[in-house]
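Below, each chain spelled out in residue letters.
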Amino acid sequence: MALDYGEVRIGIAFSDLLNIIASPYETYTRVDLNKDLDYLTSLIKTQEVDEVIIGLPVNMDGSEGERAVATREFAKKLENKSQAKITFVDERLTSVEAEEILKSRNIKWEDRKKYIDKLSATIILQDYLNTKK
């Protein structure tokens, strides 16, 4: 399972059973911290997820800013609640890549926000799966 964590939405993707192909699952619209954690923990348990890959939004120079700190704090709370292993993956430019994919498929600009987060999560997960081979 992979997450593209954001202040408003969280993109979610899953891999196949062989951990070869990542697929978009959904874009979850955040409610509040407790409900978000409950929802994700429920998914982790029902899908029998052992490891959650979370995109870490580092700056282009590799440093970590406020968004990375917030992502790490959220991940720690998710790890404590779900007992799943958390692995961070550098997510630099995944949103740009997702945007390009949607643009190439002629998805209207207004409709892209429905897809961009789950597509970004899919890219994060696929990159991770590719490096594990």
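Residues numbered from 1 in each chain as written. Predicted model: local features only at pLDDT ≥ 70, side-chain atom pairs only at ≥ 80, totals over all residues. Heavy atoms only, no water.

**Some thoughts on the confidence of the model for the protein**
Predicted confidence across the protein gives a mean pLDDT of 89, with 89% of residues reaching 70 or more. For the protein, per-element mean pLDDT is lowest for helix H3 (residues 94-104), which scores 70, and highest for helix H1 (residues 33-46), which scores 98. (pLDDT = per-residue confidence, 0-100. Helix = DSSP H or I, 4+ residues; strand = E, 2+ residues; numbered from the N terminus.)

**Quick look at unusual backbone geometry**
In this structure, Glu48 takes a positive phi of about 55° despite not being glycine. Residue placement: Glu48 occurs in the loop between H1 and strand S4 (51-56). One non-glycine residue, Gln83, lies in the positive phi region at around 65°. Position of Gln83 among the secondary structure elements: in the loop between helix H2 (66-82) and strand S5 (85-90).

**Considering the nonpolar core**
Looking at soluble globular proteins, one finds that nonpolar side chains tend to be buried together. Within the largest apolar cluster, 19 residues are counted, with the highest numbers of intra-cluster contacts made by Met1, Leu3, Ile10, Ile12, Leu40, Val52 and Leu78. A total of four residues in this core trace back to one element, the largest contributor, which is H1. Look past the residues within four positions of Leu3 in its chain and what remains in contact with it is Ile10, Gly11, Ile12, Leu40, Val52, Ile53, Ile54, Gly55, Leu78, Ala121 and Ile124. Counting residues in hydrophobic clusters, the runner-up holds ten residues, among them Ala13, Val89, Ile124 and Leu129. (Core = buried A, V, L, I, M, F, W, Y, C linked by side-chain atoms within 4.5 Å. Buried < 20%, exposed > 50% of the residue type's maximum accessible area, 1.4 Å probe, protein only. Contact = heavy atoms within 4.5 Å.)

**Let's talk about the packing of aromatic side chains**
Applying the stated criterion to the full structure yields three aromatic pairs. Consider the rings of Tyr5 and Phe74, whose centres lie 4.4 Å apart with planes at 25°: the pair is stacked. One end of the pair, Tyr5, is in strand S1 (residues 2-5); the other, Phe74, is in helix H2, with 69 residues separating them in the sequence. With respect to burial, Tyr5 and Phe74 carry one shared label: buried. A ring pair is formed by Phe14 and Tyr25, whose centres lie 5.0 Å apart and whose planes are at 90°; its orientation type is edge-to-face. (Phe/Tyr/Trp six-rings, centres within 6.5 Å; stacked < 30°, edge-to-face > 60°.)

**So, a nonpolar patch on the surface**
Together, Leu18, Ile20 and Ile21 make up a nonpolar patch on the protein surface, roughly 300 Å² of accessible area in all. Inspection of the secondary structure puts Ile20 in the loop between strand S2 (9-15) and strand S3 (22-29). (Patch = residues over 30% accessible without salt bridge, like charges linked within 9 Å, V, L, I, M, F, W, Y side chains within 5 Å. Areas by Shrake-Rupley, 256 points an atom, 1.4 Å probe, with all protein chains shown as cover. Salt bridge = Lys/Arg side-chain N within 4 Å of Asp/Glu carboxyl O.)

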